[in-house]
Amino acid sequence: CNRLIKQNIPFAKAETMAYPYGDGGDSSAADQLVRHVAYKYFIAARAVQYRSVFYNEYDFAKTNDDYYRVNSEMIVDSNSIKTFPQHLDSTIKLGAWYAPTYHGIENGWLIVKKEDFEKQLQQINERKDLLWIAPFVNVIKYIKERS
């Protein structure tokens, strides 16, 4: 992947990744192997909802492996769309961080309707003074600098 990105977009550098199919965060031998490969190329990676909670504690990283087990909620079905504002509020209350994953807006695989996505952006905007919104890589770098 990185070789193709560099060939086609020379100024871009992929420093983090989202695991294919959301796998990679659990404790299985296959997930551990995936993470072992990711260590070589990325500073962190996120998996889809491998834990029962949707957020990540601010001080989640106790080991280097934890940076490759970031929990991410897949926003796709009506339940995750309905619970989005509660998840934002809970994350704010806990002083945690939230890394939702969208696979497609309006088209593609695991899509979210445009109007649902716009509602979620509005919900984020309503809480903007309580949130720091940044690319995944920037959040990881910030946390690593302060560990």
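Higher on the page you've got the structure.
Draft legend 1. Highlighting the nonpolar core. Of all hydrophobic cores here, the largest spans 18 residues; its most connected members are Y19, F60, Y67, W97 and I140. At the level of secondary structure, the elements contributing two or more residues to this core comprise β2 (44–48) and α5 (136–146). Broken down by element, the residue count for this core peaks at four residues, all from α5. Residues within four places of F60 in sequence aside, it is in contact with D66, Y67, V70, W97, I140 and I143. Counting nine residues, the second-largest nonpolar core is a separate cluster that includes Y55, F84, L88 and Y98.

Draft legend 2. Spotlight on a nonpolar patch on the surface. Where nonpolar side chains cluster on the molecular surface, the patch consists of L33, V37 and Y41 and spans about 320 Å² of accessible area. Along the chain, V37 turns up in helix α2 (residues 29–41). Overall, the relative accessible area of 42% leaves V37 in the partly exposed class.

Draft legend 3. Up close: helix α4 (residues 114–126). For α4, spanning 13 residues, the distance from its first C-alpha to its last is 18 Å, which sits close to the expected 18 Å at 1.5 Å a residue. Buried within α4 we find D116, Q120 and Q123. Looking straight down α4, one finds its buried side chains confined to an arc of 55°; they lie on one side. Where α4 is buried, its residues touch α3 (78–94) and β5 (111–112).

Draft legend 4. Geometry of the packing of aromatic side chains. Inspection of the entire model under this criterion finds ten aromatic pairs. Here Y39 and Y68 contribute two aromatic rings whose centre-to-centre distance is 4.7 Å and whose plane-to-plane angle is 65°, an arrangement assigned as edge-to-face. Remark: Y68 occurs in the loop between β2 and β3 (70–72) and Y39 occurs in helix α2; sequence separation between them is 29 residues. Its relative accessible area of 31% is what places Y39 among the partly exposed residues. What makes Y68 buried here is its relative accessible area of 3%. Relative to F136, the ring of W97 lies with its centre 6.2 Å away and its plane at 35°, an arrangement referred to as tilted. Here F136 lies in helix α5 and W97 lies in the loop between α3 and β4 (104–105), a separation of 39 residues in the sequence. As far as the burial class goes, W97 and F136 line up, both buried. One aromatic cluster is present, formed by F54, Y55, F84 and Y98 through successive ring pairs. Seen from the ring of F136, R46 lies directly overhead, with NZ or CZ sitting 4.8 Å from the centre. When the ring centre of Y67 is taken as origin, the NZ or CZ atom of K144, which lies over that ring, is 4.6 Å away.

Reading the values: rules and limits
- Residues numbered from 1 in each chain as written.
- Predicted model: local features only at pLDDT ≥ 70, side-chain atom pairs only at ≥ 80, totals over all residues.
- Heavy atoms only, no water.
- Core = buried A, V, L, I, M, F, W, Y, C linked by side-chain atoms within 4.5 Å.
- Buried < 20%, exposed > 50% of the residue type's maximum accessible area, 1.4 Å probe, protein only.
- Helix = DSSP H or I, 4+ residues; strand = E, 2+ residues; numbered from the N terminus.
- Contact = heavy atoms within 4.5 Å.
- Patch = residues over 30% accessible without salt bridge, like charges linked within 9 Å, V, L, I, M, F, W, Y side chains within 5 Å.
- Areas by Shrake-Rupley, 256 points an atom, 1.4 Å probe, with all protein chains shown as cover.
- Salt bridge = Lys/Arg side-chain N within 4 Å of Asp/Glu carboxyl O.
- Expected span 1.5 Å × (residues − 1).
- Arc of directions from axis to C-beta.
- Phe/Tyr/Trp six-rings, centres within 6.5 Å; stacked < 30°, edge-to-face > 60°.
- Lys NZ or Arg CZ within 6 Å of the ring centre and 35° of its normal.

The values are spatial; any link to function lies outside them.
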